[in-house]
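A look at the structure
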Amino acid sequence: MAEDCLFCKIARGEIPSTEVYSDDEFYAFRDINPAAPVHVLVIPRKHIARISDASVDDASLLGRMLLAANEVARKEGIAESGFRYAISCNKDGGQLVFHIHLHVLGGRELGWPPG
Ligand code: 5GP
Ligand code: ZN
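To start, this report covers the structure provided alongside it.

Quick notes on the rules
- Residues numbered from 1 in each chain as written.
- Chains lettered and ligands numbered in written order.
- Predicted model: local features only at pLDDT ≥ 70, side-chain atom pairs only at ≥ 80, totals over all residues.
- Heavy atoms only, no water.
- Near = heavy atom within 4 Å.
- Polar contact = N/O pair within 3.5 Å; in protein donor to acceptor, adjacent residues only side chain to side chain.
- Areas by Shrake-Rupley, 256 points an atom, 1.4 Å probe, with all protein chains shown as cover.
- Helix = DSSP H or I, 4+ residues; strand = E, 2+ residues; numbered from the N terminus.
- Core = buried A, V, L, I, M, F, W, Y, C linked by side-chain atoms within 4.5 Å.
- Buried < 20%, exposed > 50% of the residue type's maximum accessible area, 1.4 Å probe, protein only.
- Donors = N, O, S within 2.8 Å, 3.2 Å for Na, K, Ca; no water.
- Salt bridge = Lys/Arg side-chain N within 4 Å of Asp/Glu carboxyl O.
- Phe/Tyr/Trp six-rings, centres within 6.5 Å; stacked < 30°, edge-to-face > 60°.

1. Points about the site of ligand 1
In the neighbourhood of ligand 1, 16 residues make up the surrounding shell, with D31, S88, G94, L96 and H101 lying closest. Within the contact set of ligand 1, an oxygen atom lies 2.8 Å away from a side-chain nitrogen or oxygen of H101. In this structure, an oxygen atom belonging to ligand 1 sits 2.8 Å away from a side-chain N or O atom of H103. The protein chains hide 83% of the 520 Å² of surface that ligand 1 would expose on its own. Those elements that provide at least two residues to the shell around ligand 1 are helix 1 (6–11) and strand 2 (26–30).

Listed below in C-alpha coordinates is the structure:
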(Lines give C-alpha, C1' and ligand atoms only; values in the text may rest on other atoms or scores of the structure.)
(Ligands and ions follow the chains in the order given, each with its own letter.)
Protein backbone atom coordinates (compact mmCIF):
# COMPACT_ATOMS: atom_id res chain seq x y z
CA MET A 1 0.00 0.00 0.00
CA ALA A 2 1.41 3.38 -0.99
CA GLU A 3 -0.06 6.49 0.61
CA ASP A 4 0.08 8.71 -2.47
CA CYS A 5 -0.83 6.14 -5.10
CA LEU A 6 -4.03 6.87 -7.06
CA PHE A 7 -4.90 3.19 -7.57
CA CYS A 8 -4.17 2.25 -3.93
CA LYS A 9 -6.66 5.00 -3.00
CA ILE A 10 -9.21 3.63 -5.49
CA ALA A 11 -8.73 0.08 -4.14
CA ARG A 12 -9.26 1.39 -0.59
CA GLY A 13 -12.41 3.26 -1.66
CA GLU A 14 -10.92 6.67 -0.84
CA ILE A 15 -11.46 7.80 -4.43
CA PRO A 16 -14.73 6.79 -6.11
CA SER A 17 -14.76 4.32 -8.97
CA THR A 18 -17.26 2.04 -10.66
CA GLU A 19 -16.67 -1.45 -9.30
CA VAL A 20 -16.86 -4.43 -11.64
CA TYR A 21 -15.23 -7.10 -9.47
CA SER A 22 -13.71 -7.23 -6.00
CA ASP A 23 -12.09 -9.84 -3.79
CA ASP A 24 -9.49 -9.92 -1.03
CA GLU A 25 -6.62 -9.61 -3.44
CA PHE A 26 -7.91 -7.70 -6.49
CA TYR A 27 -10.18 -4.83 -7.40
CA ALA A 28 -11.57 -4.15 -10.89
CA PHE A 29 -13.22 -0.92 -12.01
CA ARG A 30 -14.21 0.93 -15.18
CA ASP A 31 -11.55 3.05 -16.87
CA ILE A 32 -12.45 6.74 -16.59
CA ASN A 33 -11.53 7.28 -20.26
CA PRO A 34 -12.63 4.09 -22.00
CA ALA A 35 -10.85 3.07 -25.20
CA ALA A 36 -13.46 0.41 -26.04
CA PRO A 37 -17.10 -0.34 -25.10
CA VAL A 38 -15.70 -2.52 -22.29
CA HIS A 39 -12.60 -1.09 -20.63
CA VAL A 40 -11.95 -2.35 -17.12
CA LEU A 41 -8.79 -2.09 -15.03
CA VAL A 42 -7.85 -5.01 -12.77
CA ILE A 43 -5.44 -4.11 -9.99
CA PRO A 44 -3.85 -6.05 -7.17
CA ARG A 45 -4.53 -4.52 -3.76
CA LYS A 46 -0.80 -4.95 -3.17
CA HIS A 47 1.12 -1.93 -4.43
CA ILE A 48 3.59 -2.90 -7.15
CA ALA A 49 4.64 0.10 -9.24
CA ARG A 50 5.25 -1.64 -12.55
CA ILE A 51 5.14 -5.15 -13.98
CA SER A 52 8.93 -5.17 -14.35
CA ASP A 53 9.20 -4.74 -10.55
CA ALA A 54 7.33 -8.00 -9.91
CA SER A 55 9.42 -10.72 -8.28
CA VAL A 56 9.13 -14.49 -8.12
CA ASP A 57 7.16 -13.96 -4.89
CA ASP A 58 4.48 -12.29 -7.04
CA ALA A 59 4.24 -15.15 -9.55
CA SER A 60 1.04 -16.66 -8.17
CA LEU A 61 -0.52 -13.21 -7.63
CA LEU A 62 0.07 -12.42 -11.31
CA GLY A 63 -1.53 -15.72 -12.31
CA ARG A 64 -4.54 -15.04 -10.13
CA MET A 65 -4.79 -11.53 -11.64
CA LEU A 66 -5.33 -13.16 -15.05
CA LEU A 67 -8.03 -15.38 -13.55
CA ALA A 68 -9.71 -12.34 -11.97
CA ALA A 69 -9.60 -10.69 -15.43
CA ASN A 70 -11.27 -13.80 -16.90
CA GLU A 71 -14.04 -13.35 -14.34
CA VAL A 72 -14.39 -9.71 -15.42
CA ALA A 73 -14.57 -10.75 -19.10
CA ARG A 74 -17.32 -13.26 -18.26
CA LYS A 75 -19.27 -10.72 -16.19
CA GLU A 76 -18.98 -8.12 -18.94
CA GLY A 77 -20.23 -10.57 -21.59
CA ILE A 78 -17.12 -10.46 -23.77
CA ALA A 79 -15.64 -13.87 -23.00
CA GLU A 80 -17.10 -15.38 -26.18
CA SER A 81 -16.81 -12.40 -28.53
CA GLY A 82 -13.21 -11.82 -27.44
CA PHE A 83 -11.07 -9.29 -25.64
CA ARG A 84 -7.52 -8.14 -25.08
CA TYR A 85 -5.48 -7.86 -21.89
CA ALA A 86 -2.78 -5.16 -21.79
CA ILE A 87 -0.24 -4.06 -19.19
CA SER A 88 1.67 -0.82 -19.83
CA CYS A 89 5.22 -0.43 -18.51
CA ASN A 90 7.16 2.82 -18.26
CA LYS A 91 7.41 5.55 -20.88
CA ASP A 92 7.40 3.66 -24.17
CA GLY A 93 4.66 1.37 -22.87
CA GLY A 94 2.52 4.45 -22.16
CA GLN A 95 2.28 3.81 -18.41
CA LEU A 96 0.64 6.78 -16.69
CA VAL A 97 -0.30 5.28 -13.31
CA PHE A 98 2.49 3.56 -11.41
CA HIS A 99 0.53 0.73 -9.78
CA ILE A 100 0.23 -2.44 -11.86
CA HIS A 101 -3.06 -2.58 -13.73
CA LEU A 102 -4.34 -5.01 -16.33
CA HIS A 103 -6.52 -3.41 -19.01
CA VAL A 104 -9.47 -5.59 -20.08
CA LEU A 105 -10.64 -4.31 -23.46
CA GLY A 106 -13.51 -5.61 -25.56
CA GLY A 107 -16.94 -5.03 -27.01
CA ARG A 108 -15.57 -4.23 -30.48
CA GLU A 109 -12.96 -5.65 -32.84
CA LEU A 110 -9.59 -4.37 -31.65
CA GLY A 111 -6.86 -3.34 -34.09
CA TRP A 112 -3.31 -4.58 -34.11
CA PRO A 113 -0.66 -3.34 -33.62
CA PRO A 114 -1.61 -0.73 -30.98
CA GLY A 115 -0.75 2.86 -31.89
P1 5GP B 1 -1.84 3.34 -18.27
O2 5GP B 1 -1.64 4.32 -19.39
O3 5GP B 1 -1.01 3.69 -17.04
O4 5GP B 1 -1.65 1.91 -18.72
O5 5GP B 1 -3.36 3.40 -17.89
C6 5GP B 1 -3.88 4.19 -16.90
C7 5GP B 1 -5.38 4.16 -17.11
O8 5GP B 1 -5.99 4.63 -15.93
C9 5GP B 1 -5.84 5.05 -18.26
O10 5GP B 1 -6.56 4.26 -19.21
C11 5GP B 1 -6.72 6.09 -17.58
O12 5GP B 1 -7.86 6.45 -18.35
C13 5GP B 1 -7.11 5.41 -16.28
N14 5GP B 1 -7.32 6.31 -15.17
C15 5GP B 1 -6.50 7.31 -14.77
N16 5GP B 1 -6.98 7.93 -13.69
C17 5GP B 1 -8.14 7.29 -13.38
C18 5GP B 1 -9.12 7.47 -12.34
O19 5GP B 1 -9.00 8.35 -11.48
N20 5GP B 1 -10.19 6.64 -12.35
C21 5GP B 1 -10.34 5.65 -13.28
N22 5GP B 1 -11.43 4.89 -13.20
N23 5GP B 1 -9.44 5.45 -14.28
C24 5GP B 1 -8.35 6.26 -14.32
ZN1 ZN C 1 -0.59 1.67 -5.41
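Next comes the rest of the account.
2. Structural notes on the nonpolar core
Of all hydrophobic cores here, the largest spans 18 residues; its most connected members are A28, V40, V42, M65, V72 and V104. Those elements that place two or more of their residues in this core are strand 1 (19–22), strand 2, strand 3 (38–44), helix 2 (59–75) and strand 5 (102–106). In terms of nonpolar packing, the next biggest core, distinct from the first, is built from 10 residues, C5, I10, F29 and L41 among them.

3. What to know about the coordination of the zinc ion (ligand 2)
Coordination of the zinc ion (ligand 2) by the protein involves C5 (SG), C8 (SG), H47 (ND1) and H99 (ND1), with metal-donor separations of 2.0 to 2.3 Å. Owing to a relative accessible area of 25%, H47 belongs among the partly exposed residues under this scheme.

4. Some words on the pattern of salt bridges
Opposite charge on two side chains permits pairing when their charged atoms draw close. Under the counting rule described, the total for this entry stands at seven salt bridges. The residue R50 makes a salt bridge to D53 at a minimum N-O spacing of 2.9 Å. A residue is classified by how much of its surface remains accessible, and R50, at 22% relative accessible area, is partly exposed. Owing to a relative accessible area of 42%, D53 belongs among the partly exposed residues under this scheme.

5. Thoughts on the packing of aromatic side chains
Applying the stated rule across the entire model yields three aromatic pairs. On the numbers, 5.4 Å between centres and 80 degrees between planes, the contact of F7 with F29 is edge-to-face. One end of the pair, F7, is in helix 1; the other, F29, is in strand 2, and 22 residues separate them in sequence. For the pair F7 and F29, a shared accessibility class is recorded, and that class is buried. F29 sits in the buried class, given a relative accessible area of 3%. Taken together, the aromatic side chains of F7, Y27 and F29 make up a single cluster linked through ring pairs.

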